[in-house]
Amino acid sequence: MATGWGSILRDEQLEEMARQAVDRALAEGVLLRTSQEPSSSDVVSYAPFTLFPSLVPSALLEQAYAVQMDFNMLVDAVSQNAAFLEQTLSSTIKRDNFTACLFDIHKQVLKEGIAQTVFLGLNRSDYMFQRNADGSAALKQIEINTISASFGGLASRTPAVHRHVLNVLSKTKEAAKILSNNPSKGLALGIAKAWELYGSANALVLLIAQEKERNIFDQRAIENELLARNIHVIRRRFEDVSEKGSLDQDRRLFMDGQEVAVVYFRDGYMPSQYSPQNWEARLLLERSCAVKCPDIATQLAGTKKVQQELSRMGILEMLLPGQPESVARLRATFAGLYSLDMGEEGDLAIAEALAAPSQFVLKPQREGGGNNLYGEEMVQALERLKESEERASYILMEKIEAEPFGNCLLRPGSPVQVVQCISELGIFGVYVRQGKTLVMNKHVGHLLRTKAMEHADGGVAAGVAVLDNPYPV
Ligand code: ADP
Ligand code: MG
């Protein structure tokens, strides 16, 4: 079983199973727009997924769920601690222009005074399963996504596909073990709660969308849940906000003349997504009293630099005073994280990474996959950065080594074959705060993504990982 389900099939059966699985995926709505036509739904295809669910130890699944409310509280605490954010990011913003631009908006909003009173976090904490020397596995956090955490919509549709595959193989008992999952419903409930607390019956949800959005069906799942609760969503780009968005004297946000209660970002997490005009639009949104998901401070709380500082002794205790159990649960999921700020500590980390490159990952302050450096590339970068202050815009992380297993990655146009894979588990978290009171804090589902072992980096959108389901063992 450790090699997965592939061994139960002969190669010719694999092809037939893949055809059935793909047809079921299409029927369930596990869809992406194509890379040729990313702005239109005229022609769509299935989102890549595994033929079989991948085995995940149920204890690790439970651990990941149990620590999610702690992560929600932690992110929320960081976002409210301006002094911690300023100190943590001070060296990074000198060398990383994108983080500096975000931080600049944060400072401007603080200076003017925060008009927003209701706060909404929709995040996803991602983990890999580290192989221990004794053969067991440990849950180690890769990162937490505090902006545009995606695939909550499609993840609710993949369980039916894997149940179908197992049922076709007469593995009915196994099929029944695949967990139901509906993150988009939970995410929508968070947005609905924030909308309700904003307290204006005619106000809308504004989804900040990209012009070219292949993952639209994932977003539509949330929009549909909101509409079912009579909450209307409009999709607009940053460009539309700069043309038609405005604030009134109470800093209420209006778009095309309609009041906006909640701004939900599915754009704005990468430098390439911001023109000077888009930065202006982001500032306008941040200055408003609308609920931003996330607000700028919460986006900053999700940077790799903050993640690294959180692992420093005493920081969790400072941010979550009087909550030793939460602190212990959080710390248990931390991998080794190392600052590259100028000084002895950073020098030491660089020396260790150069001495054992296969045990480290070099990460810039970026989201969206494909930005990290490994192996020889990491060595070259470290040699180049070693003496320069630019190194402070990166962090070093211990590389997690998981036990590979066999599965088939189904993608349009790719051959059906069993390859060696590793998985990454994400747990979706939702919280809502009104003033100082946390009125909602929960986990709302999971996402398993699986990729071929030879790829060091990469998510689904980056074209490396595919959607999967945990098969609890
Ligand atoms: P991004 O914000 O671009 O998603 P991540 O930190 O999630 O950045 O890294 C991208 C991918 O790189 C992850 O999905 C994972 O596959 C791989 N990765 C990141 N950190 C590690 C690590 N410490 N050990 C092993 N693989 C990692
Ligand atoms: Mg990631």
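Residues numbered from 1 in each chain as written. Chains lettered and ligands numbered in written order. Predicted model: local features only at pLDDT ≥ 70, side-chain atom pairs only at ≥ 80, totals over all residues. Heavy atoms only, no water.

Participant: So what exactly am I meant to see when it comes to the site of ligand 1 here?
Facilitator: In the vicinity of ligand 1, 21 residues are found, and the nearest of them are K363, G369, I400, E424 and K451. Side-chain polar atom of K304 to an oxygen atom of ligand 1: 2.8 Å apart, as the coordinates give it. In this structure, E398 approaches ligand 1 through a main-chain N or O atom, which is 2.8 Å from a nitrogen atom. Computed on the free molecule, ligand 1 has an accessible area of 540 Å², of which 95% lies beneath the protein chains in the complex. Contributions of two or more residues to the shell around ligand 1 are made by strand 6 (137-145), strand 14 (360-364) and strand 15 (394-398). Each residue belonging to the shell around ligand 1 can be placed in one class, and the counts come to 7 nonpolar, 4 polar and 10 charged. Both domains that furnish three or more residues to the shell around ligand 1 are identified here as domain 1 (13-335 + 400-472) and domain 2 (336-399). (Near = heavy atom within 4 Å. Polar contact = N/O pair within 3.5 Å; in protein donor to acceptor, adjacent residues only side chain to side chain. Areas by Shrake-Rupley, 256 points an atom, 1.4 Å probe, with all protein chains shown as cover. Helix = DSSP H or I, 4+ residues; strand = E, 2+ residues; numbered from the N terminus. Nonpolar A, V, L, I, M, F, W, Y, C, P; charged D, E, K, R; others polar. Domains from an automatic or database assignment.)

Participant: Would you take a moment to explain the side chain of N278 for this structure?
Facilitator: Note that N278 resides in helix 11 (residues 276-287). With a relative accessible area of 4%, N278 lands in the buried category. When neighbours within four sequence positions are excluded, N278 is seen to be in contact with F238, E239 and Q273. (Buried < 20%, exposed > 50% of the residue type's maximum accessible area, 1.4 Å probe, protein only. Contact = heavy atoms within 4.5 Å.)

Participant: Is there a simple way to think about the packing of helix 4 (residues 82-95) against helix 5 (residues 97-112) in this case?
Facilitator: The geometry of a pair of packed helices is captured by two quantities: the angle between their axes and the separation between those axes. As a packed pair, helix 4 and helix 5 sit with axes 9 Å apart at the nearest point and diverge in direction by 145°. The hand of the helix 4/helix 5 crossing is left-handed. The residues of helix 5 that touch helix 4, namely those facing A82, L85, E86, L89, T92, I93 and R95, are N97, T99, A100, F103, H106, K107 and L110. In terms of residue class, the contact of helix 4 with helix 5 is built from 7 nonpolar, 4 polar and 3 charged. (Axes fitted to C-alpha atoms, helices over the stretch in contact; angles between N-to-C directions. Left-handed = near helix turned anticlockwise from the far one by under 90°.)

Participant: How should the pattern of salt bridges be read in this particular structure?
Facilitator: A side chain with one charge may pair with a side chain of the opposite charge, provided their charged atoms come close. Tallied over the full model, the rule gives 35 salt bridges. In this structure, the salt-bridge partner of E286 is R282, at a minimum N-O distance of 3.0 Å. A residue pair is termed a helical-turn pair when its members lie 3 or 4 positions apart in one helix, as E286 and R282 do in helix 11 at 4 residues. The burial state of E286 is the same as that of R282; both residues are buried. For E424, the salt bridge is made with R449, and the minimal N-O distance between the two is 3.1 Å. Here the residue E424 occupies a position in strand 17 (residues 418-434), and R449 occupies one in strand 18 (residues 437-452), the gap between them amounting to 25 residues. Of the residues examined, E424 reaches a relative accessible area of 14% and is grouped as buried. Taken together, the shared-partner salt bridges connect K305, E309, R312, D341 and E345 into one network. (Salt bridge = Lys/Arg side-chain N within 4 Å of Asp/Glu carboxyl O.)

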